Amino acid sequence: MNKGIVFHYLSKALLLSSALFLVPALVSLYYREYFFMLIFLGVGGGMALASLPGVFYRPRHKYMFAREGMVIAALMWIIFSAVGALPFYCSGSIPHYIDALFESVSGFTTTGSSILTDIEALPRGILFWRSFTHWVGGMGVLVLAIAILPSSGNALYLMQAECPGPQVGKLVPKGKNSALYLYLIYGALTFITIVLLFTGGMPLFDSVCHGMGIAGTGGFGIKNDGDYQALNVNEYKPGFFEFDLKEWSKVTGHIRLAVPGRHNIYNALAMCCCVRPLGLQPADAERAAAEFHGTGRRFEIKGECNGAPVVDDYAHHPTELAATMATAKKMGYKRIIAVHQPFTYSRT
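The structure reproduced in this document is the subject of the present report. Small disclaimer: the values here were computed from a predicted structure and weren't measured.

### Focus: the environment of Leu75
Tracing the backbone shows Leu75 in helix α4 (residues 66-84). Measuring from C-alpha to C-alpha, the distance between Leu75 and Val6 comes to 9.5 Å, with 69 residues separating the pair along the chain.

### Overview of the side chain of Ser104
Tracing the chain through its elements places Ser104 in helix α6 (residues 97-108). Residues in contact with Ser104, not counting those within four places in the same chain, are Phe80, Ser81, Gly84, Ala85 and Phe88.

### Section: the pattern of salt bridges
Counted by the stated rule, this structure contains eight salt bridges. When the shortest N-O distance is used, the salt bridge between Asp312 and Arg297 registers 3.3 Å. Of the two residues, Asp312 sits in strand β5 (residues 308-312) while Arg297 sits in the loop between α13 (282-291) and β4 (300-305), which places them 15 residues apart along the sequence. The partly exposed category is assigned to Arg297, whose relative accessible area is 36%.

### Brief notes about helix α11 (residues 204-215)
Taking 1.5 Å per residue as the helical rise, α11 with its twelve residues ought to reach 16 Å, and the 16 Å between its terminal C-alpha atoms agrees with that figure. The complete set of buried residues in α11 reads Phe205, Asp206, Ser207, Cys209, Gly211, Met212 and Gly213. One or two positions beyond α11, positive phi appears at Thr217, with a value near 55°.

### Observations regarding the packing of helix α2 (residues 22-30) against helix α3 (residues 34-56)
If you want to describe how two helices pack, look at the angle between their axes and the distance between the axes. Viewed as axis vectors pointing N to C, α2 and α3 meet at an angle of 170°, and their least axial separation amounts to 8 Å. On the basis of their axis angle, the class for α2 and α3 is roughly antiparallel. On α3, the residues that touch Leu22, Pro24, Ala25, Ser28 and Leu29 of α2 are Tyr34, Phe36, Met37, Phe40 and Leu41. When the residues that make up the contact of α2 with α3 are grouped by side-chain class, the tally is nine nonpolar, one polar and no charged.

Cut-off values and rules
- Residues numbered from 1 in each chain as written.
- Predicted model: local features only at pLDDT ≥ 70, side-chain atom pairs only at ≥ 80, totals over all residues.
- Heavy atoms only, no water.
- Helix = DSSP H or I, 4+ residues; strand = E, 2+ residues; numbered from the N terminus.
- Contact = heavy atoms within 4.5 Å.
- Salt bridge = Lys/Arg side-chain N within 4 Å of Asp/Glu carboxyl O.
- Buried < 20%, exposed > 50% of the residue type's maximum accessible area, 1.4 Å probe, protein only.
- Expected span 1.5 Å × (residues − 1).
- Axes fitted to C-alpha atoms, helices over the stretch in contact; angles between N-to-C directions.
- Parallel < 35°, antiparallel > 145°, perpendicular 65-115°, else oblique.
- Nonpolar A, V, L, I, M, F, W, Y, C, P; charged D, E, K, R; others polar.

Treat this as a map of the structure, not an account of what it does.
Encoded structure:
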């Protein structure tokens, strides 16, 4: 293990990442939230100072392999998640650091889970930082560092550690240029999303925050109540649910799902959210939900073995695994045997 190169590259990446705190600081300045602006500047400045010794350190050996890349990636995510929680905690927006850390990790990993119950009470700078963590984490901090920092021939090992999948391909011969092009595409898609939301009537600040969350495929919003909600949820038979569809301020329909699992309530709401702006009526959404019996490898019943149903499900993320097992338990099976097909460390 080349500890010197790990220390040097980690410090350079953290120095670059400290500059990210300038963005929410400018947002706080624009909205005259001076206290929160100082919080962001203080956290970013402290992070920059802490990284300077490693930045100026010159390791004896310049080589880096996959092992060093993995260590840098792991430590980068841990440190940046821990530091990213400080604006929530120091500003008093989230009183307990553990809760702030949960919110930070959820943001950078684009998980989208939240401990907050009154999101609209947060200041604009904190709301922006919360959505900004989605945008930064969507592509990866190290990919940004590779795109901006001077190239040293080790970019591919860092990209291998940061990107999912057993193999990492390059768009162009140089890994640094590949990272730069990826971020340009990512930024362009984010900009287009923001423009579309804004031209659709959403306020600019809301458009930016939602655009960053959409680009990072996260789930953070800036409103307490969603435009589409499921009311009066009822389990009409074991594992199967129905609910009243609320759009904005009124109930417009009743959805009965033909696929099992409580998590499919959220999928149905997403379906309604997509088809209603296209001109389809609530009755169309009701009929579609009633006639949809699932897709391949999503709780797909393949047959029976000695009288026991055999179900195939593609779930491999821990959240998906939990939802699949919870669905099976709700359907009344007395005994459940789960056989999991392992993948590489980057997928499971």
